[in-house]
Amino acid sequence: MQEPVGKQSMTEERPQPTGDSYEELSSDSIEKNTDRILADEADKETNSVDHSLQQAEEQNQLHDNVENNEMVNRNPSESDSDSSSGSDSDSELGKYFYPKFEELEAARKPEPGMKFQTLEDANGFYSTYALLTGFVAKRNSNYRRQKYHIECNRSGKPTPARNPNRKRKINSFERTNCQAKVIVKLTKGQWEFATVRNEHNHPLSPNPSLARFFLSQKHMSSEEKSFLKVLQQSKIPPNKILRIFRRMRSSFGNIPSKKKDPISLQCTEQRKTENSDVESALKHLKELELRNPSFFYIKQTDEDNIVRSIFWTDARSRMDYNIFGDFISVDTTYTTNRHNLPVATITGINNHGRTLLLGCALLRDGRAETFKWMFQTLLQVLGGKIPGSIITNQDEPLGRAIAEVLPQVRLRFWKCDVMGKAHERIAAFMAARGNIKLELDSLVDNSLTEMEFEEGWSSLIERYDASKNEYLQFMWRIRKIWAPVYFRQDFYPFAESLGRGEGMNIVLFRNYVLPKDRIEKFIERYEEIQKTTLKTDDEDRRQAGTVPSCFSLQPIEKHSSTIYTRQIFLKVQRELLHSTAFDVHVVKKGSVYRLERVFNYENPEFDRNAFEVFVDPVSNTFICQCAKFARDRLLCCHIFRLFTQLGINEIPGQYIVPRWTDKFKEEKAKQYTEKCLEKADSTARYEMLMSKMADLSKKICSDGTKCNAFMLEFDSIQEKLLATDG
């Protein structure tokens, strides 16, 4: 099948997937495929002390490709001719944009009505925002020196398709007719943002590491600042300046010295200051540990013994993970308010279909190395059990960490997160193309086969002339780790119904914690969630002793009420109700049936009117096109309708999954408790034997005769024990 989007540009700029088979992202090859798919979006990792410089250098490789256009703002010729009130000091630095420390600290999203004393101030503000957001700003129109357009450098007519045999120029870049810009007007002696458009029609490449490097000027010595000024005046590109400073740092690091150089000391002090969120969290967690003996945490420290990351959970969550850890969700969308440190939540689903909070982590950054520590700690703390499937927010470093630490696990991004970012990043592009958003949503939600999805995507891209949109190209390349159709046979319970709104983890903290709230607020909410979970469990146990109400007189509904937990029964009951909206048509008697919807109902999983159910009379198996049983381990309304047609009054045994029953947790909890007690007894015996052996060894180690006699006796005892085991 041909790639339906941007084939020419994709083949020149990025490697393509080698095939479209489902096995591309199977559990055996997820690491390779995740690395390949996400390679052009991911930051390279480093463990060096000065990782910010190294990461910034690596990220800035993309700026080499547009050297004549990237960061071009403060052009000396423009400054002299266009600005009656601007400063010329910065224009001497050449064609590259170097943000000031004050500009970086004051950076925020541009809004209409913002006012500046000079045109250069307005230009510097927007160019700094562009640097942090991931695009390049350029200054254009001059209307009597009173009105200017500062635009994305990808504005203008799209670049014509290049000859694939022609070598691509290093300094070329692709115009996309991007409409992002600000219009600056001179009003009463001040420059004002009269119009602001922040929507881009192409992927952005934010570079926080580069910003951190410029911010580090505050801690540089006067000699270093002077040297940096010389490099800038010599028109050295920012990425090359980073290389120079990194090499200098490396060279100085090889000189033997008992003292750290001033820059390292300043960076250490800066890290200590930025670490206040972690220290605050650590203080609250210690208090929580004193109040709750079953609570515990693990911390990660750096080379200066400063705590950088923390993972916390409790004994109950460890047991829940051991029982219900076949599927987990990881969310890293929350950050602390002062220094934007990621806060990760790990959740699961219990036998009532309720969300369980299994653990949380406050992380030093969003790099793959940090996420690797989190997952390694997760396995260590929660007993080493490997989950079968993981769903996360769209985060490339997070995906790489999972592929490395848990290569056998099925990885998936939340559909709602991927689609939400698409709607945000290409809003203007979609708005100019009528119903493309509605059709794209429908295609993603309602496709039943991979072929249907891929052919539908190709048709939609062609119909709306969207083949050159880079973000749609990106979505296509990573389709096999987010589009629901590729996970029809994998256990992601109720992900489709949740995916229409928000992820599981967001539901726990929504209306309680803001995305950039205080870490103390997050920990307080963690405590509230765990208390609420205990109360909910008690309520579920009380309900287990009652008989739920049935809406019909169907025997199969009565039967299901005696099998499942109350909340799962309500889900099954909903399927039984929806089954009454379908008529059954025989396609091939005894093996193929067509279910056609004759009545509409609210919130169907698929907005389709017909489904086929395949039956094997020999093995008594029923397989529906919607694949709900494979995804949720519950039968769908289409099979329930066929059961009614065929006179089947009880759910067949092979379709009753113990995970959704009341007895499941009780039995698993008993096994877990016995295992813990056995482990504790083994540990105690081991410690006792080691203590006695150590005492005896200490007494006889100086006497060779006694040592030889002891070893002979020990060998004899060992032979007897082995013979007994045999």
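In what follows, the structure referred to is the one given above.
Computed from a prediction, not measured in an experiment: that's the story for all the values here.

Below, the discussion takes up the sheet that holds strand β14 (residues 592-597). Taken in spatial order, the four strands of this open sheet run β13-β14-β15-β16, and their pairing is antiparallel. Looking at which strands have only one partner, the edges of the open sheet turn out to be β13 (582-588) and β16 (621-624). Here the average twist between neighbouring strands, direction ignored, is 25°. As defined by bridge partners, strand β15 (residues 610-616) adjoins β16 across four bridges and the pair is classed as antiparallel. The residue bridging Val615 from the neighbouring strand is Phe622, located in β16. The strands touched by helix α27 (residues 637-646) within the sheet are β13, β14, β15 and β16, with β13 carrying the most contacts at an inclination of about 75°.

A cluster of nonpolar residues, Met693, Met711 and Phe714, forms a patch on the protein surface that exposes about 250 Å² of accessible area. Position of Met711 relative to the elements: it lies in helix α29 (residues 704-725). Looking at Met711, the relative accessible area reads 43%, which means it is partly exposed.

This part is about the environment of Val586. Structurally, Val586 can be placed in strand β13. Separated by 26 residues in sequence, Val586 and Glu612 have C-alpha atoms that sit 9.8 Å apart. Excluding residues within four positions of it along the chain, Val586 makes contact with Val592 and Tyr593.

Moving on, we get to the packing of aromatic side chains. Tallied over the full model, the rule gives 25 aromatic pairs. Ring centres of Phe295 and Tyr526 lie 6.3 Å apart, and the angle between their planes is 65°; this geometry places the pair in the edge-to-face category. One end of the pair, Phe295, is in strand β6 (residues 295-301); the other, Tyr526, is in helix α23 (residues 519-544), and 231 residues separate them in sequence. Grouping residues by exposure puts Phe295 and Tyr526 together as buried. Ring centres 5.7 Å apart and planes at 55° place the aromatic pair Tyr471 and Phe474 in the tilted group. With Tyr471 and Phe474 both in helix α20 (residues 470-477), this residue pair falls three residues apart, about one helical turn. Accessibility classification places Tyr471 together with Phe474 in one group, the buried group. Members of the aromatic cluster, connected to one another through ring pairs, are Phe453, Trp457, Trp476 and Tyr486. Of note, Arg412 hangs over the ring of Tyr492, and the distance from its end group to the ring centre comes to 5.1 Å.

Looking now at the nonpolar core. Nonpolar side chains tend to gather and get buried jointly when the protein is soluble and globular. Counting 70 residues, the largest nonpolar core has Trp457, Leu472, Met475, Trp482, Tyr564 and Trp660 as its most contacted members. Residues contacting Trp482, with those up to four places away along its chain left out, are Arg412, Phe413, Lys415, Val418, Met419, Val444, Trp457, Met475 and Phe487.

You can see Ser459 is positioned in helix α19 (residues 450-463). In this structure the side chain of Ser459 is engaged in a polar contact, spanning 2.8 Å, whose partner is the side chain of Arg463.

Right, let's talk about unusual backbone geometry for a bit. At Asn603, a position not held by glycine, the phi torsion is positive, near 55°. As for its position among the elements, Asn603 is in the loop between β14 and β15. Unlike most non-glycine residues, Arg633 shows phi in positive territory, near 65°. Looking at the secondary structure, you find Arg633 in the loop between α26 (628-632) and α27.

A few words now on the pattern of salt bridges. Tallying each qualifying case throughout the model produces 28 salt bridges. Between Lys372 and Glu369 there is a salt bridge, and its shortest N-O distance comes to 3.3 Å. With Lys372 and Glu369 both in helix α14 (residues 368-381) and three residues apart, the pair spans about one turn of that helix. Residue classification places Glu369 among the partly exposed positions, given a relative accessible area of 26%. Its salt-bridge partner being Arg631, residue Glu605 comes within 3.3 Å of it at the nearest N-O pair. One end of the pair, Glu605, is in the loop between β14 and β15; the other, Arg631, is in helix α26, and 26 residues separate them in sequence. Residue classification places Arg631 among the buried residues on the basis of a relative accessible area of 5%. Members of the salt-bridge network, linked through shared partners, are Glu575, Glu605, Lys628, Arg631 and Asp632.

The rules we used
- Residues numbered from 1 in each chain as written.
- Predicted model: local features only at pLDDT ≥ 70, side-chain atom pairs only at ≥ 80, totals over all residues.
- Heavy atoms only, no water.
- Pairing = 2+ DSSP bridges.
- Helix = DSSP H or I, 4+ residues; strand = E, 2+ residues; numbered from the N terminus.
- Axes fitted to C-alpha atoms, helices over the stretch in contact; angles between N-to-C directions.
- Contact = heavy atoms within 4.5 Å.
- Patch = residues over 30% accessible without salt bridge, like charges linked within 9 Å, V, L, I, M, F, W, Y side chains within 5 Å.
- Areas by Shrake-Rupley, 256 points an atom, 1.4 Å probe, with all protein chains shown as cover.
- Salt bridge = Lys/Arg side-chain N within 4 Å of Asp/Glu carboxyl O.
- Buried < 20%, exposed > 50% of the residue type's maximum accessible area, 1.4 Å probe, protein only.
- Phe/Tyr/Trp six-rings, centres within 6.5 Å; stacked < 30°, edge-to-face > 60°.
- Lys NZ or Arg CZ within 6 Å of the ring centre and 35° of its normal.
- Core = buried A, V, L, I, M, F, W, Y, C linked by side-chain atoms within 4.5 Å.
- Polar contact = N/O pair within 3.5 Å; in protein donor to acceptor, adjacent residues only side chain to side chain.

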